[in-house]
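Listed below are the residues making up each chain.
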Amino acid sequence: MTPPNRATKNGVLVRPTLEKLEQIYYRPLFDLIQESRRVFLEFWPKNEVQLCTLLSVKTGGCSEDCGYCAQSAHYNTGLQKERLMTTEEVMPVAERARQNGSTRFCMGAAWKGVRDGDPKFETMLETVREVSKLGMEVCVTLGQLGDIEARKLKEAGLTAYNHNIDTSPEHYKKIVSTHTFEERLNTIGSVQRAGLSVCCGGIIGMGENETDRLKMLEVLCSLDPEPESVPINCLTPIEGTPLAKTPPIDVFELVRLIATARIVLPKAKIRLSAGRDRLSREAQALCLFAGANSIFYGDKLLTASNPGVDDDRALLESLGLEPQAPYSDQAQPACKL
Ligand code: SAM
Ligand code: DTB
Ligand code: SF4
């Protein structure tokens, strides 16, 4: 079924153009939020927020030069490089995540990509096989992959693959030189062909302008199928990286982006991701009102800090929001479609 807020022409879905996105994004803020709230309640009628736990299973020493990243070997960020965690090491963390109410477990590795046949990839497949038995959604972000690797991950029980486009195609070149925007899209293509859900979003606050952010959204809307989840990260400035001194974003620009994403990608989980610990409770509340319905839960992201679990519990409680119920307790997914 076509979402009602998406125009169709002769039954064919019309993807929003940059012009259309600008019309939505630049409305008076309260009009924009009113519309995003309407769409949000239509597709996500429960007052729920998905809690996701993130674990860095292989930290640091990455060959890529992404200008925002603590884990790039190109910059001296003071991060201790670590080997790949074994399945036995990951399992207790995943079990604790489930006990604490997470319904999604995301594992990240600081790699350029993965290759079938590599023993490290075999370890990841084994870990995915075991974690998937716990009944949570399982997501990994391992860098570039092809059709074979995506198919094997799907067979191992993976739900979703996270591979962000991070910014507009134009701005991407200013942030990363060791791989291209096109290569990011190729990996996403393999993930889609394998029948995995795509988790794809970006970072704001890397010196891009608002048009870059809308161009990023235009690319996300052009993905077929659309991304199942869209992480919106605010840059966490990392000492030693080229973006260390980038000023923080205006919070209303973040709210505008989330609201616009909710309107044009109504079925997606919009995840308020990195940078939450620099947002006030009020700012987070506005993001959750405007359309965000998922957060990373736990005091650490991959390497950077995240609000403590007690603070997050208190925030949700004071807003009257519930953590998304675990799958086993749900008669049907929270999204109406
Ligand atoms: N190596 C894999 C890749 O690049 O896809 C996976 C790990 S990477 C750390 C995953 C995502 O985390 C990036 O695409 C980016 O969106 C986000 N991220 C990394 N460092 C960040 C930072 N300092 N601030 C905000 N987001 C960040
Ligand atoms: C995503 O978009 N954000 C998460 C997850 N996908 C893997 C990662 C955020 C990383 C923040 C910086 C750090 O912890 O090093
Ligand atoms: Fe490596 Fe991913 Fe960090 Fe880029 S974002 S340096 S690919 S870990």
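Here we look at the overall build of the protein
In terms of helices and strands, the protein carries 11 helices and 12 strands. Taken against the 2.2 N^0.38 rule, which gives 20 Å for 337 residues, the C-alpha radius of gyration of the protein at 19 Å falls within 12% of a compact globule. Seen through its principal axes, the protein has C-alpha atoms that stretch 50 × 45 × 45 Å. Here the protein holds 337 residues, and the buried ones make up 55% of them. Counted over contacts in the protein with a minimum sequence separation of 6, partners at least 24 positions apart contribute 76%. Accessible surface computed for the protein: about 14,700 Å², of which carbon and sulfur atoms make up 51%. Charge separation in the protein, taken as the distance between the mean sites of 40 positive and 44 negative side-chain charges, equals 2 Å.

Remarks on the site of ligand 2
What surrounds ligand 2 is the set L54, T141, N162, N164, P231, N233, A274, F296, L301, L302, T303 and A304. Here an oxygen atom of ligand 2 and a side-chain polar atom of N233 are 2.8 Å apart. Within the backbone of L302, an N or O atom sits 2.9 Å from an oxygen atom of ligand 2. With the chains in place, 87% of the 400 Å² that ligand 2 exposes on its own is no longer accessible. By residue class, the composition of the shell around ligand 2 is seven nonpolar, five polar and no charged.

Concerning the site of ligand 3
Contacts to ligand 3 come from C62, E64, C66, Y68, C69, S72, A110 and W111. Of the residues in the shell around ligand 3, the class split is six nonpolar, one polar and one charged.

Regarding the pairing of strand 3 (residues 48-58)
In terms of burial, strand 3 is largely enclosed, as 11 of its 11 residues are buried. Taken together, the two bridges between strand 3 and strand 12 (residues 322-323) define a ladder with parallel strand orientation. Each residue of the ladder has a partner; that of E48, found in strand 12, is E322. As defined by bridge partners, strand 3 adjoins strand 11 (residues 294-296) across three bridges and the pair is classed as parallel. Directly across from Q50, in strand 11, lies its bridge partner S294. In this structure, strand 3 lies alongside strand 4 (residues 104-109), joined through six bridges in parallel fashion. Counted as the bridge partner of C52 is R104 from strand 4. Between the parallel elements strand 3 and strand 4, the chain passes through helix 3 (residues 87-99) in a crossover that is right-handed.

A word on the nonpolar core
Of all hydrophobic cores here, the largest spans 94 residues; its most connected members are F105, M107, L153 and L254. In terms of residues, this core owes the most to one element, helix 9 (residues 251-264), which gives eight residues. If we ignore the near neighbours within four places in the chain, the residues touching L254 are I204, I232, C234, I249, L272, L279 and C287. Counting 10 residues, the second-largest nonpolar core is a separate cluster that includes A160, A274, F296 and A304.

As for helix 8 (residues 210-222)
For helix 8, with 13 residues, the first-to-last C-alpha span of 19 Å sits near the 18 Å given by 1.5 Å per residue. Buried within helix 8 are the following residues: D212, R213, L214, M216, L217, V219, L220 and C221. Summarising the contacts, the buried residues of helix 8 are in contact with helix 1 (18-25), helix 6 (169-175), helix 7 (181-193), strand 8 (202-204), strand 9 (229-234) and helix 9. If you check the start of helix 8, you find a side-chain oxygen 3.1 Å away from the backbone N of T211, and it comes from N209.

Criteria and thresholds
Residues numbered from 1 in each chain as written. Chains lettered and ligands numbered in written order. Predicted model: local features only at pLDDT ≥ 70, side-chain atom pairs only at ≥ 80, totals over all residues. Heavy atoms only, no water. Helix = DSSP H or I, 4+ residues; strand = E, 2+ residues; numbered from the N terminus. Rg over C-alpha atoms; globule rule 2.2 N^0.38 Å. Buried < 20%, exposed > 50% of the residue type's maximum accessible area, 1.4 Å probe, protein only. Contact = heavy atoms within 4.5 Å. Areas by Shrake-Rupley, 256 points an atom, 1.4 Å probe, with all protein chains shown as cover. Lys, Arg positive; Asp, Glu negative; His and termini not counted. Charge placed at Lys NZ, Arg CZ, Asp CG, Glu CD. Near = heavy atom within 4 Å. Polar contact = N/O pair within 3.5 Å; in protein donor to acceptor, adjacent residues only side chain to side chain. Nonpolar A, V, L, I, M, F, W, Y, C, P; charged D, E, K, R; others polar. Pairing = 2+ DSSP bridges. Right-handed = clockwise from strand over helix to strand, strands pointing away. Core = buried A, V, L, I, M, F, W, Y, C linked by side-chain atoms within 4.5 Å. Expected span 1.5 Å × (residues − 1).

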